[in-house]
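# Observations on the three-dimensional arrangement
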Amino acid sequence: MAASETRVLLKDLDLTGPRDLDSYRRMGGYQGLAKCLRQFTPDRVIDEVKQSGLRGRGGAGFPTGVKWGFVPKTSPKPKYLVCNADEGEPGTCKDRVLMQYNPHSVIEGCLIAAYAIAAHHAFIYIRGEFSEIAEILERAVQEAYRAHLAGTNILGTQYSCEIIVYRGAGAYICGEESGLLTSLEGKRGNPRNKPPFPAVEGLYRAPTVVNNVETLACLPSIMRNGAAWYASLGTEKSKGTKLVPVSGHVRKPGVYEIELGKITLREIIADLARGVREGHTIKAVIPGGSSSPILSADQLDVPFDYESVAAAGSMLGSGAIVVLDNTVDMVEFALRLAKFYAHESCGQCTPCREGTRWLVEILNAIHEGRGHPDDLETIQKLFETELTSICLLWSAVVMPVRALIEKFPEEFRTAIARGTPDFSRMGQPGSPVSVLAE
Amino acid sequence: MPTIAEAAAEEARAILHRLPNRHSSSIPLLYLAWKTCAWLTPAALEEIAALTGLSPATVEGIAGFYTMFPLHPRGKYHIEICDNISCYINGAPDLKNHLRNKLGIEFGQTTSDGRFTLDHVECLGNCCEAPCMQINGKEYGRLTVQKINEILDSLD
């Protein structure tokens, strides 16, 4: 029997236009918020979310309730809730579906989280390129204000919270939570050293929780139906459902919703996304966004949950699956990935700023038939600096490129052997930059 | 060229009023200046510095950090085609070449009649519609050479 979806976030969603406030409320919308504000203390909300087992859906998979619990209750500073809507990890296009078609689920989620951490400001930081979606969100926020679901005395209670939609302007690094916060402070989006973590010192140096769109959109149904209901979905450690955008060489690309651990990567690709194009075979699969190490075609029977994908040597990450068929040249693919990260490095830390550019230069030389016999060794040496930067951007390219070389070493060796080594290229000023400018 | 204060004083005030910290207004004000002045002129950057209390150099640094902000005039239609992984393996390189040939310009350039500016962008977050592009922020997906021709022909 073909495997199927389990829809909670995408339940009954009409993918032709945004669900307005009236229809959202008819379907039980804002009942979860009402329950929180009228029946639960903020601590009780945090407990419920801890019991639900909900984990961050942005990539790290950290337990949401635990993250909220790090906010110091005694701090005299204001607290802030920030929704990370800077969806930019290549392959990832799931949060946009929630914001585009069910914006109130995101807004209600923001309000529940803000109430739990005693914040009176909730920011939705949305990437600049989503201009059409930002307008949808903005209209939904206005609807919420008019219905007393945002602003002062929400639903007639003592609780007040402002919601502000803030647009980024084209920088992948602002998806990293501390980079996002510096951007929200109106600066260049340079990440900051951790600790202190945002829960202690975040936006304007005040306690801040940053949660992904999908994480927040899970909250209304958790509060409405109870933690036990949510925890009954998924596995022991990976609870609930997950949105999985499937793109690349599949016949039916799309954003699907699955119960964690109850379906394998192979089933998602074959049964939901209808497999690869006629006459082609799967070569490899990225299981969790471009930063996650690639899996080879014989590793696809892994159940799709945090632990199983990690045990297979990769990570669930954002859940974004990119399928590569047998036509893909892995050297070229690694080069394309490396160029992206080199372009998006904020430039603060030397290992990342220089490392990404050197990696592009070396991979480009291999791709163009100018590779050295010792290039792969040089790359490995470069990778030793993986964890020496403020944030994980450099690591985010080291992980997938290392996996590509490990899984497909022959392609790299053949490409190097095929060409004529160019011994004049190393260290030429400006050469990596000229490659990037292409 | 009208200043922000002349063209959009109300909007500028609303931005400054809405955010809890004046510095946070820099990015929304850069958007406002882009809308009112068509690109981020040195005068507009100076004005934002005065409004936010940031130094002109800081504002310039912010504007330069975010790739969407135009520090030079752009054509009437700004074409941004994605060639990140999902688009790349679905034919984006050929589509990029097609756009270059059709418009007769390189990436980063504007046609001499000022109609089109051509850029390639990193992942637009629309991977299930790959290959995709945006023109003046409007999204187009599942592109083919033919579809690109139809889209460009439909622009006035």
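Residues numbered from 1 in each chain as written. Chains lettered and ligands numbered in written order. Predicted model: local features only at pLDDT ≥ 70, side-chain atom pairs only at ≥ 80, totals over all residues. Heavy atoms only, no water.

## Notes on the pattern of salt bridges
Residues and elements named next belong to chain A. On inspection of all chains with the given rule, the structure shows 33 salt bridges over all chains. In this structure, the salt-bridge partner of glutamate 214 is lysine 242, at a minimum N-O distance of 2.7 Å. Note that glutamate 214 is positioned in helix H9 (residues 213–225) and lysine 242 in strand S5 (residues 241–248), a separation of 28 residues in sequence. Overall, glutamate 214 belongs to the buried group, its relative accessible area being 0%. (Salt bridge = Lys/Arg side-chain N within 4 Å of Asp/Glu carboxyl O. Helix = DSSP H or I, 4+ residues; strand = E, 2+ residues; numbered from the N terminus. Buried < 20%, exposed > 50% of the residue type's maximum accessible area, 1.4 Å probe, protein only.)

## Observations regarding helix H15 (residues 375–383) of chain A
Residue and element names in this part refer to chain A. Every buried residue belonging to H15 is among Asp375, Leu376, Ile379, Leu382 and Phe383, and all of these are buried. End-on, the buried residues of H15 take up no more than an arc of 115°, which puts them together on one face. The outward face of H15, more than 90 degrees from its buried face, is lined by the exposed residues Glu377 and Lys381. Where H15 is buried, its residues contact helix H14 (350–367), helix H16 (393–407) and helix H17 (409–418). (Arc of directions from axis to C-beta. Contact = heavy atoms within 4.5 Å.)

## Comments concerning the interface of chain A and chain B
Counting from both sides, the interface comprises 61 residues of chain A and, opposite them, 37 residues of chain B. Summing both partners gives a buried area of about 3800 Å² for chain A against chain B, and 57% of it is carried by carbon and sulfur. For the chain A face of the interface with chain B, the top three residues by lost area are A:Ala169, A:Arg188 and A:Arg336, together amounting to 17%. Joining chain A to chain B, the criterion identifies three salt bridges. (Buried area = accessible area lost by both parts, 1.4 Å probe.)

## Quick look at the sheet that holds strand S7 (residues 282–286) of chain A
Residue and element names in this part refer to chain A. Taken in spatial order, the five strands of this open sheet run S6-S5-S9-S7-S8, and their pairing is mixed. With partners counted over all chains shown, the strands left at the sheet margins are strand S6 (254–259) and strand S8 (295–296), one partner each. Two strands pair when backbone bridges link them, and S5 and strand S9 (residues 321–325) are joined in this way by three bridges, in the parallel orientation. Its bridge partner being in S9, serine 247 is matched across the sheet by valine 322. Strands S5, S6, S7, S8 and S9 of the sheet are contacted by helix H11 (residues 265–272), whose axis makes an angle of about 75° with S9. (Pairing = 2+ DSSP bridges. Axes fitted to C-alpha atoms, helices over the stretch in contact; angles between N-to-C directions.)

## Brief notes about the domain arrangement of chain A
Residue and element names in this part refer to chain A. Along its sequence, chain A is carved into domain 1 (21–231), domain 2 (241–325) and domain 3 (330–419). Of note, the centres of domain 1 and domain 3, computed from C-alpha atoms alone, are 35 Å apart. Every contact between the two is made by 11 residues of domain 1 and, on the other side, eight residues of domain 3. Summed over both sides, the interface of domain 1 with domain 3 buries roughly 840 Å², with 65% coming from carbon and sulfur. Among the residues of domain 1 in contact with domain 3, Tyr172, Ile173 and Pro191 are the three that bury the most area, contributing 53% of the side total. (Domains from an automatic or database assignment.)

## Points about unusual backbone geometry
Cis geometry is adopted by the peptide bond preceding A:Pro196, which originates at A:Pro195 and carries an omega value of 0°. Tracing the backbone shows A:Pro196 in the loop between helix H8 (177–184) and strand S4 (208–212). Residue B:Pro131 is bonded to the preceding B:Ala130 through a cis peptide linkage, with omega at -5°. In this fold, B:Pro131 is placed in the loop between strand S2 (116–121) and strand S3 (133–135). Phi is positive for A:Tyr30, which is not a glycine, with a value near 70°.

## Examining the environment of B:Cys128
Tracing the sequence through the fold places B:Cys128 in the loop between S2 and S3. Those residues in contact with B:Cys128 that lie beyond four places of it in its chain are A:Cys93, A:Pro245, A:Val246, A:Ser247, A:Pro253, A:Gly254, A:Val255 and B:Arg142.

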